[in-house]
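Next come the chains, spelled out residue by residue.
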Amino acid sequence: KAGVTQTPRYLIKTRGQQVTLSCSPISGHRSVSWYQQTPGQGLQFLFEYFSETQRNKGNFPGRFSGRQFSNSRSEMNVSTLELGDSALYLCASSSTSPQETQYFGPGTRLLVL
Amino acid sequence: AQSVTQLGSHVSVSEGALVLLRCNYSSSVPPYLFWYVQYPNQGLQLLLKYTSAATLVKGINGFEAEFKKSETSFHLTKPSAHMSDAAEYFCAVSFAGNTGKLIFGQGTTLQVKP
């Protein structure tokens, strides 16, 4: 099976812009979770989607949003970018059970100038 | 509050020596426990997981971890370090009812010296 794929791999934006990141889960996986990784804060949970519904959400401002499509592909959007949004954004997919192992993609590295 | 603590942000061992990476969690409910490894410019790769079966869990690449409820610990070990083990290691927990959310420790960078 193909693994989790994320596009694009690298992105440079300027403050105030918005950005959309994409994640394609492992075939058959219906749950997609998103994480932000920074040197200062480490790995932090953003949100999780299952069957096109957001099931869980972390402590991030409303500028961070996501969605999931009927084929389980997911996107996350960050509006009004700030310098502090520079990070590696990772998505992970798992099968139907909530406690199943999460398999991670390679991440999208976002740099905000 | 539920949390994960990894003792030691950097651990250095000689090739062939024992690797011990420490992880403690704080929780009032039974956790599911995971160890992931991250190589530079890559995502996270699962090493092993504990889901309330055997307390000693064997993973990939010769790693294993033991769940000790009384100590709320899930330390990662490998009998003999290899140069290719140099990477960052993350301990993570999840809980029933908190779907899709992993809580990660701050990570431990493992250096392997020749």
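Structure: see above.
Residues numbered from 1 in each chain as written. Chains lettered and ligands numbered in written order. Predicted model: local features only at pLDDT ≥ 70, side-chain atom pairs only at ≥ 80, totals over all residues. Heavy atoms only, no water.

How should I be thinking about the interface of chain B and chain A in this particular structure?
Many structure descriptions define interface size as the accessible area lost when the parts assemble. Between chain B and chain A, the residue contacts involve 22 residues of the former and 23 residues of the latter. For the pair chain B and chain A, the summed buried area comes to about 1,800 Å², and 48% of that belongs to carbon and sulfur atoms. Taken together, chain B and chain A are joined by 0 salt bridges. Seen at the junction of chain B and chain A, the total is 7 residue pairs in polar contact (both at pLDDT 80 or more). Per-element tally for the side of chain B that touches chain A: the top contributor is strand E4 (residues 32-38) of chain B, with 4 residues. Residues of the side of chain B that touches chain A, tallied by class, amount to 10 nonpolar, 10 polar and 2 charged. (Contact = heavy atoms within 4.5 Å. Buried area = accessible area lost by both parts, 1.4 Å probe. Salt bridge = Lys/Arg side-chain N within 4 Å of Asp/Glu carboxyl O. Polar contact = N/O pair within 3.5 Å; in protein donor to acceptor, adjacent residues only side chain to side chain. Helix = DSSP H or I, 4+ residues; strand = E, 2+ residues; numbered from the N terminus. Nonpolar A, V, L, I, M, F, W, Y, C, P; charged D, E, K, R; others polar.)

What is the right way to read the side chain of Arg63(A) from this model?
Residue and element names in this part refer to chain A. Relative to the assigned elements, Arg63 resides in the loop between strand E6 (53-57) and strand E7 (64-68). Given a relative accessible area of 16%, Arg63 falls into the buried group. Only 2.8 Å separates the side chain of Arg63 from the side chain of Asp85, close enough to count as a polar contact. Here Arg63 is in contact with Asn77, Val78, Ser79, Thr80, Leu81, Glu82 and Asp85, once residues within four sequence places are set aside. (Buried < 20%, exposed > 50% of the residue type's maximum accessible area, 1.4 Å probe, protein only.)

Any chance you could explain unusual backbone geometry here in plain terms?
Residues other than glycine predominantly adopt negative phi, and peptide bonds predominantly adopt the trans conformation. Residue and element names in this part refer to chain A. Here the amide bond leading from Thr7 into Pro8 is cis, since omega sits at -10 degrees, within 30 degrees of zero. Structurally, Pro8 is set in the loop between strand E1 (5-7) and strand E2 (10-13). With phi around 45 degrees, Thr80 is a residue other than glycine that occupies positive phi space. Checked against the element boundaries, Thr80 lands in the loop between strand E8 (74-78) and strand E9 (87-94).

How do you make sense of the packing of aromatic side chains when you look at a structure like this?
For any pair of aromatic rings, geometry is given as the distance between the ring centres together with the angle between the planes. A complete count under the given rule lists 14 aromatic pairs over all chains for this structure. Geometrically, the ring pair formed by Phe104(A) and Tyr36(B) is edge-to-face, given 5.2 Å between the ring centres and 85 degrees between the ring planes. In this pair, Phe104(A) is assigned in strand E10 (residues 103-104) and Tyr36(B) in strand E4, connecting two distinct chains. Where Tyr25(B) meets Phe67(B), the ring centres are 6.1 Å apart and the plane angle is 20 degrees; that geometry is what we call stacked. Here Tyr25(B), found in strand E3 (residues 19-26), pairs with Phe67(B), found in strand E7 (residues 64-68); they are 42 residues apart in sequence, far enough to count as distant. (Phe/Tyr/Trp six-rings, centres within 6.5 Å; stacked < 30°, edge-to-face > 60°.)

How do you make sense of the pattern of salt bridges when you look at a structure like this?
Here the idea is simple: oppositely charged side chains can pair when their charged atoms come close. Applying the stated criterion to the full structure yields 7 salt bridges over all chains. The closest approach of N and O atoms between Glu75(A) and Arg73(A), which form a salt bridge, is 3.3 Å. For Glu75(A), a relative accessible area of 15% translates into the label buried. A salt bridge links Glu64(B) to Lys58(B); the shortest N-O distance between them is 2.8 Å. Here Glu64(B) falls in the partly exposed class, since its relative accessible area comes to 24%. If you follow the salt bridges from partner to partner, you end up with Arg63(A), Glu82(A) and Asp85(A) in one network.

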